[in-house]
Amino acid sequence: MSPSSFKLSVSPVFPCFSQLFFIALTLAVSLQICPAFGQSTSPVFACDVARNPSLGGLGFCNTSMGINERVADLVGRLTLEEKIGFLVNSAGAVSRLGIPKYEWWSEALHGVSYVGPGTRFSSVVPGATSFPQVITTAASFNTSLFEAIGKVVSTEARAMYNVGLAGLTYWSPNVNIFRDPRWGRGQETPGEDPLLSSKYASNYVQGLQRSKDGDPNKLKVAACCKHYTAYDLDNWQGVDRYHFNAVVSKQDLDDTFQPPFKSCVVDGNVASVMCSYNQVNGKPTCANPDLLAGVIRGDWKLNGYIVSDCDSVDVLYNSQHYTKTPEQAVAVTILAGLNLDCGSFLGQHTEAAVKGGLIKESNIDTAISYNFATLMRLGFFDGDPSKQLYGKLGPKDVCTTEHQELAREAARQGIVLLKNEAGTLPLSAHKIQSLAVIGPNANVTKTMIGNYEGTPCKYTTPLQGLTACTSTNYQAGCPNVACNIAQLDDAKKVAAAADATVLIMGADQSIEAEGHDRVNLLLPGQQQLLVTEVANASRGPVILVIMSGGGMDISFAKADDKISSILWVGYPGEAGGAALADIIFGSYNPSGRLPMTWYPESYVDKVPMTNMNMRPDPSTGYPGRTYRFYTGETVYSFGDGLSYSETNHHLVQAPNQVSIPLGEGHPCHASSCSSLDALVEGCRDLTFDIHLRVQNNGSIDGKETVFLFYSPPPLHNAPLKHLLGFEKVLLAAKSETLVKFKVDACKDLSVVDELGNRKIALGIHQLHIGKLKHSFSVRI
């Protein structure tokens, strides 16, 4: 069956769920929760009291006890060898205690994935809903959508767990900042802005984890925020992630790289954080006690476990040569706060480290206690999964109509309209009788779902989506996205004969991927030539669609009058083609906004990927990074995006002055101060409201993304502007609504100084809302 026609079918093909659950477990279809076929010594699930009544007397199987008590009871029953087995992702069984093997490594970046050994698809569940790649979903700027996707993904994950096809621990999301446009993994992230990344992180995590009974101590599945920290280079000009030392200032670390991780832990209550391959200022992140035990566990109070990126402990020893012996590598990571090794290194060398006196067995106890506590919260030690909270979920709950429609809606909300001269879009299906569809990404399937993907329920390619609206004539124009030779003649011929032309260009995983950073920002190969030649030959309007994770320098198309409209679709997921057709033919009003800056090609000639500085340096000509600091020209800017409606903003309420009360003895009463410590006593509960009236003056209903940007006084190398808040609102044609933002003065108006301290600048501050600007003063 072809990928484009594949669709998951459930009942009545499958037996009733209880029978299916029993069959799946009995036949041991899962490596992570079931034994290999025929091995009766390993239990099917933990604490199976019905099968082994003696387990009922074990404290860790007693659900009436507290989690900490149950964990202590379990750890106290294990030998050193058994404890070491729980330091690695492929945890072994302890049959004498009724504990099955468990595989920790599963992925769910934008749907249940087959990446990682913990999850797989089969004839029982042949596919799962594949949502747009994260960079596309982030472009929706819709926090409720982030959470809704998380809920669907965790439902499908639990359903697959119940039939032995998936685990309960998912090493997603990726919340690294998209610092450099060449990064191959930028597609996995929510973009370049710390606030957007933080909101995405906390909401997606809550969607994944939140238990339907509302108990904060229970987890639906366990999420993991990665890759901590300052990780955003894979392989660039001979520098790879395994050897890279990210030299990061305290200021940049605290105001750019750390906020999404902090939000994951503090706001999202994430169950895990993954440390990265790279070093930060000379120390591997997985061996840095300040970053792990100090910040994640100490400052942020992580309720969960810390896991290494896969083979990171091996990398810091064998590739970075950070320690002289494997046993030292074990000691520095565990003592730094690492709890779980994705890999086998700790499994191989921990016993020798204990016997050599480098660490104590009690250190191992502490590490695995966090792992066990997470499994307790997941119900792993609560007995028969079919009798638990999610026990009735099964194949019928995967790839449902509602889930697939949400994937389409997510793609619609994430697609960004960048150019629309003379209102060319939307096209009329009645007037456009023939449509030329051209480009190497015009009829792709797997390209649409990006990386860390799973098998989707089905695909709708761009060509299929457009063909459902009108008659189409398709030419690839290039054999692939590399486009070493553009096939111009046939492409120009169909464009010349059509009422309109849609060119679908861009990238795929051969251009940008994990382990593969881009070398430039241009359309690959002869794609630009194809676009220009086809545009010149076209009889009707030309719509250029860019499918990519990162931005492209398409200045030529932006300036070309023959190209009337430009859309960016990211990697739009399994329903991407249908969503694109919805936008082009006007059944949906575009509302996506760019979550990252699109730089000109000249930018990468000036800026090495290895330079981690966010702020510009006028003395060297270094232009800075992201919209918050970059001082140069852009192709398109963060937040850019058009709709089919004309929207106006009117400021209804905002302060002209914010006063910070200080105690009598504060030194700023006696001398002039340019800034205050954000932790000053007078800052507590100091908030104010911003009210906006947003009007849709168009004739089409649509969603509007309302941004609240802020520019502080020019102190402490503060950002030029940064995002304070955003709201996604639905506006009927010719209607208006009131949008309210609540601003925490000392949190939201503070900046990080050169030493990493939060400061509130005194003086004139400015708010930006659309084309509006409002100035106000902050004083004592």
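Everything below is about the structure shown above.
What you are looking at is a predicted structure, and each value in this text was computed from that prediction instead of being measured.

Cut-offs applied
Along each chain, the written sequence defines residue order, and numbers are assigned to residues from 1. It should be noted that, the model being predicted, local features are given only for residues of pLDDT at least 70 and side-chain atom pairs only at 80 or more, the latter also being counted only at that level, while totals for whole chains, interfaces and linings use all residues. The basis for the side-chain values is all heavy atoms of the structure; hydrogens and waters are excluded. The buried label goes to any residue with under 20% of its type's maximum accessible area, the exposed label to any with over 50%, and the partly exposed label to all in between, with areas taken from a 1.4 Å probe on protein chains only. For helices the rule is a DSSP run of H or I covering at least 4 residues; for strands it is a run of E covering at least 2, with both sets numbered from the N terminus onward. Directions are taken from the helix axis to each C-beta atom, and the arc is the one they span. Here, two residues are considered to be in contact whenever any of their heavy atoms come within 4.5 Å of each other. Between the N-to-C directions of two axes lies an angle of 0 to 180 degrees, each axis being a line fitted to C-alpha atoms and, for a helix, fitted only over the stretch in contact. Each angle gets one of four labels, with under 35 degrees taken as roughly parallel, over 145 as roughly antiparallel, 65 to 115 as roughly perpendicular, and the rest as oblique. Think of it as three bins: nonpolar holds Ala, Val, Leu, Ile, Met, Phe, Trp, Tyr, Cys and Pro, charged holds Asp, Glu, Lys and Arg, and polar takes everything else, Gly as well. Like charges are joined within 9 Å and nonpolar side chains (Val, Leu, Ile, Met, Phe, Trp, Tyr) within 5 Å, but only among residues with over 30% relative accessible area and no salt bridge; these make up the patches. Per-residue and other accessible areas were derived by the Shrake-Rupley procedure at a 1.4 Å probe size, with only the shown protein chains allowed to occlude residues. Salt bridges are identified by distance alone: a Lys or Arg side-chain nitrogen within 4 Å of an Asp or Glu carboxyl oxygen. Charge counting follows a simple rule: Lys and Arg are positive, Asp and Glu are negative, and His as well as the terminal groups are ignored. Here the site of a charge means atom NZ of a Lys, CZ of an Arg, CG of an Asp or CD of a Glu. Two strands are said to pair when DSSP picks up at least two bridges between them. In summary, the pairing rule links any two rings of Phe, Tyr or Trp, Trp by its six-membered ring, whose centres are within 6.5 Å, and it sorts them by plane angle into stacked for under 30 degrees, edge-to-face for over 60 and tilted for everything else. We call a charge positioned over a ring when the NZ of a Lys or the CZ of an Arg lies within 6 Å of the ring centre and within 35 degrees of the ring normal. Here, nonpolar core means buried Ala, Val, Leu, Ile, Met, Phe, Trp, Tyr and Cys residues that are tied together by side-chain atoms lying within 4.5 Å of each other.

For helix α16 (residues 488-497), the complete set of buried residues consists of L488, A491, V494 and A495. Mapping the buried residues of α16 onto a view down its axis gives an arc of 145°, with all of them on the same face. With respect to the buried face of α16, the exposed residues turned more than 90 degrees away are D489, K493 and A497. Those residues of α16 that are buried are in contact with β12 (435-438), β13 (472-475), β14 (500-506) and α17 (527-537).

Attention shifts here to the packing of helix α7 (residues 250-257) against helix α8 (residues 259-266). One can describe the packing of α7 onto α8 by two numbers: an axis separation of 6 Å at closest approach and a directional angle of 50°. Classified by the angle between their axes, α7 and α8 sit oblique to one another. Counting all contacts with α7, which are made through L253, D254, D255, T256 and F257, the residues of α8 involved are P259, P260 and F261. Class assignment for the residues of the contact of α7 with α8 results in five nonpolar, one polar and two charged.

As a further point, take a positive patch on the surface. Taken together, the side chains of K199, K262, K747 and R758 present a region of like positive charge at the surface. Its place among the elements puts K262 in helix α8. Judged by relative accessible area, K262 falls into the partly exposed class, the value being 44%.

So, on to the sheet that holds strand β3 (residues 225-228). Strands in a sheet are paired, the pairing made by backbone hydrogen bonds, and the direction either parallel or antiparallel. Read from one edge to the other, the open sheet built from three strands follows the order β3-β7-β10, with strand pairing classed as parallel. Only two strands of the sheet have a single partner each, and these edge strands are β3 and β10 (305-308). Sheet twist, expressed as the mean angle between neighbouring strand axes with direction ignored, is 30°. The pairing of β3 with strand β7 (residues 272-275) spans two bridges and is parallel. Bridging from a neighbouring strand, C225 pairs with V273 of β7.

What the five strands build is an open sheet, ordered β18-β27-β26-β21-β22; its pairing is mixed. Every other strand in the sheet has two partners, leaving β18 (657-659) and β22 (722-731) as the edge strands with one partner each. The sheet shows a mean angle of 20° between the axes of neighbouring strands, taken without regard to direction. Of the pairings in the sheet, the one linking strand β21 (residues 702-711) to strand β26 (residues 763-769) comprises three bridges and is antiparallel in character.

Below, the discussion takes up the pattern of salt bridges. Oppositely charged side chains may form a pair once their charged atoms are brought near each other. Under the definition given, this model contains 34 salt bridges. Between R185 and E188 there is a salt bridge; the shortest N-O distance is 2.7 Å. For R185, a relative accessible area of 0% translates into the label buried. By relative accessible area, E188 is classed as buried at 0%. Between R241 and D234 there is a salt bridge whose closest N-O contact spans 3.6 Å. Judged by its relative accessible area of 2%, D234 is buried. Sharing partners across several salt bridges, the network here consists of E405, R408, E409, R412, D582 and K703.

On to the packing of aromatic side chains. One pass over the full model with this rule turns up 29 aromatic pairs. Aromatic side chains Y102 and F380 sit 5.3 Å apart centroid to centroid with 70° between the ring planes, which places their arrangement in the edge-to-face category. With Y102 in strand β2 (residues 102-103) and F380 in the loop between α13 (361-377) and α14 (401-414), this residue pair connects regions lying 278 residues apart in the sequence. Considered together, Y102 and F380 belong to a single accessibility category, that of buried residues. Through a chain of ring-to-ring contacts, the aromatic side chains of F60, F86, Y102, W104, Y305, F372, F380 and F381 assemble into a single cluster. The ring of Y370 carries R297 above its face, with NZ or CZ at 3.5 Å from the centroid.

Bridging between β18 and strand β27 (residues 772-779) involves three bridges; their strand directions are parallel. Each bridged residue has a counterpart across the sheet, and for S659 the counterpart in β27 is R779. In sequence, β26 turns back onto β27 through a hairpin of two residues, with G770 there showing a positive phi of about 60°.

Grouped burial of nonpolar side chains is what soluble globular proteins tend to show. Ranked by internal contacts, the top residues of the largest apolar core, which has 211 residues, are F381, I554 and W598. Here this core gets nine residues from one element, more than from any other, and that element is helix α5 (residues 143-162). Setting aside its immediate chain neighbours within four residues, F381 contacts A46, C47, F60, C61, R70, L74, I99, F372, L375 and M376. Core analysis: the second largest hydrophobic core is formed by 31 residues, V680, L708, V739 and L762 among them.

Buried within helix α2 (residues 67-77) are the following residues: R70, V71, D73, L74 and V75. Close packing links the buried residues of α2 with α3 (80-84) and α13.

Just distances and angles here, no functional claims.
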